[in-house]
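So the chains spell out like this:
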Amino acid sequence: MQNNNIKVFDLTTFTLLDFPDTPAAIIWLAGCNMRCPYCHNPDIVFGKNSLNFDEVIKFLNKRKRVLEGVVISGGEPTLHKDIFKICKSIKELGYKIKLDTNGSNPDILKKLIEKGYLDYVALDFKGPKKKFENIAKINSYEQTLESIEILIQSDIEYEIRTTVHTLLLNENDINEIIDILKNMGYKKRYFIQNYIHIDKTLKDIGFQERFIEGSLLEKKIDIEFRNFEFKNV
């Protein structure tokens, strides 16, 4: 399959952290429909896809004995006009695919799953309805719920995760998300990710004045904490 006209933003050649139990590469796709202030990838959000995808495929073809998976991340990958061609080419090489998504394009997500292109999905649940647009800067809350429902009804592996900066979300907000997931029949582990400050975020959100209190969160579903001093409470 020729991919001469397909462009991607960048390639990370190896990771053991981004695809559970799978040595992988990461393909980064530029562009995003959200403007989350804590975003660590403003260069990808506002950047352009300029790397020839054929070069990525050549690399993946050579690394099949070392790598087992490919993470497709961004930005928001489902916005890329060639997302189906990208996934098809990767699957033809025998790789598993993990998709990182904000859940705003449930129709694309459903089609990718139906075509058998995805093996794992990580979906970012930005916040409860009353705070969603303030964080994401778009109102795609209902689309996020639809995407979660698609994942729950699917046979693939997936996770739901929420990044927490306590200027934006508090314990009541996380408990509301927990209730939503519980009521939807969510059976997987829910990942609560502590915001890690870097100098170059999409907005100058700054350090957190306090961290979320894990002991105040409902234990209605399985929870795991990422980037906190504690792992479970």
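Our structure is the block above this text.
Not measured: the values here are computed from a predicted model. (Residues numbered from 1 in each chain as written. Predicted model: local features only at pLDDT ≥ 70, side-chain atom pairs only at ≥ 80, totals over all residues. Heavy atoms only, no water.)

**Student:** Account for helix α5 (residues 129-136), naming residues and giving values.
**Tutor:** Within the span of α5, buried status applies to Phe 132, Ile 135 and Ala 136. End-on, the buried residues of α5 take up no more than an arc of 80°, which puts them together on one face. In the core, the buried residues of α5 are packed alongside α6 (141-153). (Buried < 20%, exposed > 50% of the residue type's maximum accessible area, 1.4 Å probe, protein only. Helix = DSSP H or I, 4+ residues; strand = E, 2+ residues; numbered from the N terminus. Arc of directions from axis to C-beta. Contact = heavy atoms within 4.5 Å.)

**Student:** Please set out the packing of aromatic side chains residue by residue, giving values where relevant.
**Tutor:** Applying the stated criterion across every chain, the model contains five aromatic pairs. With a centroid separation of 5.6 Å and an interplanar angle of 85°, the aromatic rings of Phe 225 and Phe 228 are classed as edge-to-face. With respect to burial, Phe 225 and Phe 228 carry one shared label: buried. Linked through ring pairs, Phe 125, Phe 132 and Tyr 141 together constitute an aromatic cluster. Above the plane of the ring of Phe 191 lies Arg 226, whose end atom (NZ or CZ) is 3.7 Å from the centre. (Phe/Tyr/Trp six-rings, centres within 6.5 Å; stacked < 30°, edge-to-face > 60°. Lys NZ or Arg CZ within 6 Å of the ring centre and 35° of its normal.)

**Student:** So what about the sheet that holds strand β9 (residues 190-194)? Which residues, and what values?
**Tutor:** Pairing within the open sheet is mixed, and its eight strands lie in the order β2-β3-β5-β6-β7-β8-β9-β10. In this open sheet, the two strands that pair with only one neighbour each are β2 (10-15) and β10 (223-226). Direction aside, neighbouring strands of the sheet carry axes that sit 20° apart on average. With four bridges joining them, β2 and strand β3 (residues 24-28) adopt antiparallel strand pairing. In the strand pairing of β3, Thr 15 is matched with Ala 24. (Pairing = 2+ DSSP bridges. Axes fitted to C-alpha atoms, helices over the stretch in contact; angles between N-to-C directions.)

**Student:** Lay out the nonpolar core with the relevant residues and their values.
**Tutor:** The nonpolar side chains of a soluble globular protein tend to be buried with one another. The biggest cluster of nonpolar side chains holds 69 residues, and the ones touching the most others in it are Leu 60, Ile 72, Ile 90, Leu 118, Ile 160, Ile 174 and Tyr 190. Phe 19, Trp 28, Ile 44 and Val 71 belong to the second-largest nonpolar core, a separate cluster that totals seven residues. (Core = buried A, V, L, I, M, F, W, Y, C linked by side-chain atoms within 4.5 Å.)

**Student:** Report on the packing of helix α2 (residues 53-62) against helix α3 (residues 83-92), specifying residues and quantitative values.
**Tutor:** At a minimum axis separation of 10 Å, α2 and α3 run at an interaxial angle of 20°. Comparing their axes, α3 and α2 come out roughly parallel. The element α2 and its partner α3 pack so that their crossing is right-handed. Seen from α2, the contacting residues are Phe 53, Ile 57 and Leu 60; seen from α3, they are Ile 86, Ser 89 and Ile 90. Here the contact of α2 with α3 is composed, by residue class, of five nonpolar, one polar and no charged. (Parallel < 35°, antiparallel > 145°, perpendicular 65-115°, else oblique. Left-handed = near helix turned anticlockwise from the far one by under 90°. Nonpolar A, V, L, I, M, F, W, Y, C, P; charged D, E, K, R; others polar.)

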